[in-house]
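# Coordinate analysis (summary)
One-letter residues, chain by chain:
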Amino acid sequence: MQSAREVRITSLDGFEAADGGVRVLANSGDLALVFPREVWETLGERALLEEAPSEPDAGELAELEEIRRGLEEHARSNRFETVLVDEPCGGENSGVHFDLVLRPADPFAATTGYAFLPVVRTEHVARYGANLDEATAGAVEGAYLVGAVAEEAALAAGGEELKALSVRGRRCSSSRFELAPELWRVLSGDLGWKNVEPVVSATTNSTTKRNA
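Residues numbered from 1 in each chain as written. Predicted model: local features only at pLDDT ≥ 70, side-chain atom pairs only at ≥ 80, totals over all residues. Heavy atoms only, no water.

Before going further, it helps to examine the environment of Asn27. Among the structural elements, Asn27 can be located in the loop between β2 (21–26) and β3 (31–35). Counting along the chain gives 14 residues from Asn27 to Asp13, while the straight-line C-alpha distance between them is 7.2 Å. If we skip the residues at most four places from it in the chain, Asn27 touches Val7, Arg8, Ile9, Thr10, Ser11 and Asp13. (Helix = DSSP H or I, 4+ residues; strand = E, 2+ residues; numbered from the N terminus. Contact = heavy atoms within 4.5 Å.)

Now the structure itself:
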């Protein structure tokens, strides 16, 4: 029997929608792995069983809700141009949604989608990333998956347009200087966050290697 061909994966560089499935870019963009949706979801289910972080405690869940509530109150009190609640991310059948979509009144401001989850997993990053281009008719320019806790791989999978943030450990796919202004204002206000611990994403890591 012919032996299977092996390809060593040295980096994961991003996720894209691909004909109803997910395309995973790897090895500094030299390799593209295309997964039909049902295969990708099966991989996600296995990952849940093999690498699930411990469940969030009551305090972490309460802080997650404080962030959501604080963002909505901040947006309304500052008369944001856009304050949407429970908006789909992508098409109606995407199965994912944003709890909030916010855009400040400043003409150069970005429209940002926020989803709040007890646990942010890699499958969430893949599903939101695959649907982000279609979110709210393409008007959402960036998004945050905010979790009471987050898988390490989910934090590392974040990129320029889609970031993961974890209450536990106060960790994020980016530094606090790259956070949406309204998000950092809420975190550093009543919640008292002094900083976030940035996690180097696969995309950033591969870019650094290419530029080295």
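Right, picking up where we left off after that structure.
Another point: the pattern of salt bridges. As enumerated under the stated definition, the model contains eleven salt bridges in all. Between Glu65 and Arg68 there is a salt bridge, with the nearest N and O atoms lying 2.9 Å from each other. One end of the pair, Glu65, and the other, Arg68, are both in helix α2 (residues 58–77), three residues apart, so they sit about a helical turn from each other. Taking the relative accessible area as the measure of exposure, Glu65 reaches 34% and is therefore partly exposed. Assessed through its relative accessible area of 22%, Arg68 is described here as partly exposed. In this structure, the salt-bridge partner of Glu152 is Arg171, at a minimum N-O distance of 2.6 Å. Of this pair, Glu152 sits in helix α4 (residues 152–157) while Arg171 is found in strand β9 (residues 171–172), placing the two residues 19 residues apart along the sequence. For Glu152, a relative accessible area of 42% gives the class partly exposed. Members of the salt-bridge network, linked through shared partners, are Glu65, Arg68, Arg69, Glu72 and Arg76. (Salt bridge = Lys/Arg side-chain N within 4 Å of Asp/Glu carboxyl O. Buried < 20%, exposed > 50% of the residue type's maximum accessible area, 1.4 Å probe, protein only.)

What follows deals with the pairing of strand β7 (residues 142–150). In terms of burial, β7 is largely enclosed, as nine of its nine residues are buried. Here eight bridges tie strand β6 (residues 112–120) to β7, and the two strands are oriented parallel to one another. Each residue of the ladder has a partner; that of Thr112, found in β7, is Gly142. Summarising the sheet, β7 and strand β8 (residues 162–166) pair through five bridges and their orientation is parallel. From the neighbouring strand, Leu145 faces β8, where its bridge partner is Ala164. (Pairing = 2+ DSSP bridges.)

Even without a glycine there, the phi angle at Arg79 is positive, about 55°. Position of Arg79 among the secondary structure elements: in the loop between α2 and β4 (82–88). For Arg170, which is not glycine, the phi dihedral falls at a positive 50°. Mapped onto the secondary structure, Arg170 falls in the loop between β8 and β9.

Looking now at the environment of Arg76. Within the secondary structure, Arg76 is located in helix α2. Apart from residues no more than four positions distant in its own chain, Arg76 is found in contact with Val83 and Val85.

Our focus in this paragraph is the sheet that holds β8. One open sheet accounts for seven strands, arranged β4-β5-β6-β7-β8-β9-β10; its pairing is mixed. Looking at which strands have only one partner, the edges of the open sheet turn out to be β4 and β10 (197–198). As paired elements, β4 and strand β5 (residues 97–103) share six bridges and run antiparallel to each other. Paired with Glu87 across the strands is Phe98, a residue of β5. Against the sheet, helix α3 (residues 122–131) makes contact with β5, β6, β7 and β8, and its axis sits at roughly 160° relative to β6, the strand it touches most. Along the sheet, helix α5 (residues 181–188) contacts β5, β6, β7 and β8; its crossing angle with β6, the most-contacted strand, is approximately 45°. (Axes fitted to C-alpha atoms, helices over the stretch in contact; angles between N-to-C directions.)

So, on to α2. Compared with the 28 Å implied by 1.5 Å per residue over 20 residues, the 28 Å span of α2 between its first and last C-alpha is a close match. Within α2 the residues assigned to the buried category are Glu60, Glu63, Leu64, Ile67, Gly70, Leu71, Glu72, His74 and Ala75. Each element contacted by the buried residues of α2 is listed here: β4, β5, β6, β7 and α5. Regarding α2, its N-cap is Asp57, as a side-chain oxygen of that residue lies 3.1 Å from the backbone nitrogen of Gly59 further along. (Expected span 1.5 Å × (residues − 1). Polar contact = N/O pair within 3.5 Å; in protein donor to acceptor, adjacent residues only side chain to side chain.)

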